Amino acid sequence: MKLTIIGTGYVGLVTGACFAEVGHHVVCVDNDPAKVKLLQDGGIPIYEPGLEELVTRNVQAGRLRFTVSTTEGVEKSDVIFIAVPTPPQADGSVDLSFIEKVAREIAAAMTSYKIVVDKSTVPVKTGDQVAETIKRYCKTKVEFDVVSNPEFLREGFAVEDLMKPDRIVVGVRTQRPVAAMKQLYAPFNAPIVVTDINSAELIKHASNSFLALKISYINAIAVLCEATGANVQEVAAGMGMDERIGRRFLNAGLGFGGSCFPKDLSAFVKIAEQTGYDFRLLKEVQRINADQMDRFLKKITETMWVLKDKKLGVLGLAFKQNTDDVRSSPAIDLCQRLLKEGATLRVHDPKGMDKARAVLPNVTYVDDMNAVAEGCDALVVATEWDEFKKLDLDRARQSLTHPILFDGRNLFDAAEMEAAGWIYKSIGR
Ligand code: UGA
């Protein structure tokens, strides 16, 4: 099938590449000429495992191309995906101006029947607004359908999640676009949930909020574990064996960050508020998440006493492993707060250092994770990169003035660390 994706961010670019991989012909549109040029020249603006190979292969096969022209994208395809940013506003609500602008542009370029699919995360009822906008701005009487098709990929696992989805959600107003949507997704062999548009939009916010709730729940349990001498990882393992609960997203730590959970929670609280419902449960999820960082900082200051003139080595800057994304990263927040206390920092992240430089200028970036500890008073783990588990602990201990490690992601075995002479502080253990 021929399809166009408007917006080549994490969602748009990976979706476009994966649709091309299964044989569809995909045009990716972006209004940033520099980004389009980079992609046309074979560059990739983000780090995502497997993405570069996928893009290169499909560009060479002639199934994937990039343009700045929405008109061209709309003319060439039957199905148009909207995958533009929906950033938060100061009051927590969502800025939908990019969606509205793209809807107008699609309307202006339409000359035959199109299926317009929203993939961006949007508040419930946005589909109705998109349909109204297209109707209003379409010059001639062209038929179209609006579909809500939220994306559930995780950064760092985006290609994997897109190629093997748990489910595809398709929200429609009429049955007309259903066959085309099923055909589009047929190669992915996933269950397709066809529903009304409002429900599809709600599924996305409800899912992300539930996952965030799961993380805050285990972080609250971690507080209880610390107070009682229990071990949060053992508790999570025992809980997770109940299939109704499941082990995933029960990792206690510095809390959730990134460009989705914090934003989507605020948006969902706001959406509820607009309907007259005070979603206090989710406000508590936010509060617990903020508390996690305060508690961790308290652990550091309780051990180090004064941070002024102390040198700390920080492992991790990205908001989680397998990504270079530092947006709303708990690790960056932690670094900024340590700097504010007067500490100096040596930092390392396997992929996130380039993007971190813009938001974290006054630190020393170290290319080798094993060299981070040199001359430092303590080490801090802020992101759950698997490769940090392979840190040369003997070398780190020799490099540090004192063998102190604050593990904000529970990467090391507490008993082994203590037996090896470390002053080791982690979360909920
Ligand atoms: C999240 C959802 O998992 C995706 O399904 C969704 O499509 C995406 O948001 C989105 O709306 O676009 P993402 O933000 O990429 O994906 O990353 P996650 O893997 O969900 O991690 C989010 C944060 O939670 C990270 O900071 C991570 O460190 C933290 N986390 C995750 C924990 O603290 N504990 C856990 O057990 C799991």
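Above: the structure in question.
Per chain, residues are indexed from 1 in the order of the written sequence. Per-residue local features are limited, in this predicted model, to residues with pLDDT of at least 70; the limit for side-chain atom pairs, both in listing and counting, is 80 or more; totals at the level of whole chains, interfaces and linings are taken over all residues. Side-chain calculation: all heavy atoms of the structure are included, whereas hydrogens and water are not.

(A) Structural context of the packing of aromatic side chains. Only centres within 6.5 Å qualify two rings of Phe, Tyr or Trp (six-membered ring in Trp) as a pair; their planes then separate them into stacked at under 30 degrees, edge-to-face at over 60, and tilted for everything else. In the structure shown here, the tally under the stated rule is eight aromatic pairs. With a centroid separation of 5.4 Å and 40° between ring planes, the pair formed by Phe-19 and Phe-81 is classed as tilted. In this pair, Phe-19 sits in helix 1 (residues 10–21) while Phe-81 sits in strand 4 (residues 79–82), placing the two residues 62 residues apart along the sequence. The residues Phe-19 and Phe-81 share a single accessibility class, namely buried. A network of ring pairs unites the aromatic residues Phe-19, Phe-81, Tyr-185 and Phe-188 as a single cluster. Sitting over the ring of Tyr-113, Arg-176 keeps its end group 3.7 Å from the ring centre. Any Lys NZ or Arg CZ that is within 6 Å of a ring centre and within 35 degrees of that ring's normal is treated as a charge sitting over the ring. Lying across the ring of Tyr-47, Lys-351 places its NZ or CZ 4.5 Å from the centre. Numbering of helices and strands starts at the N terminus; helices are DSSP runs of H or I of at least 4 residues and strands are runs of E of at least 2. Partly exposed residues are those whose accessible area sits between 20% and 50% of the maximum for their type, while under 20% is buried and over 50% is exposed, using a 1.4 Å probe and protein chains only.

(B) Up close: unusual backbone geometry. Not every positive phi belongs to a glycine, and Lys-125 is a case in point at roughly 90°. Within the secondary structure, Lys-125 is located in the loop between strand 5 (114–118) and helix 6 (126–137). Backbone geometry places Phe-249, a non-glycine residue, at a positive phi of 60°. Within the secondary structure, Phe-249 sits in the loop between helix 10 (232–240) and helix 11 (261–274).

In short, shape yes, function no, at least from these values alone.
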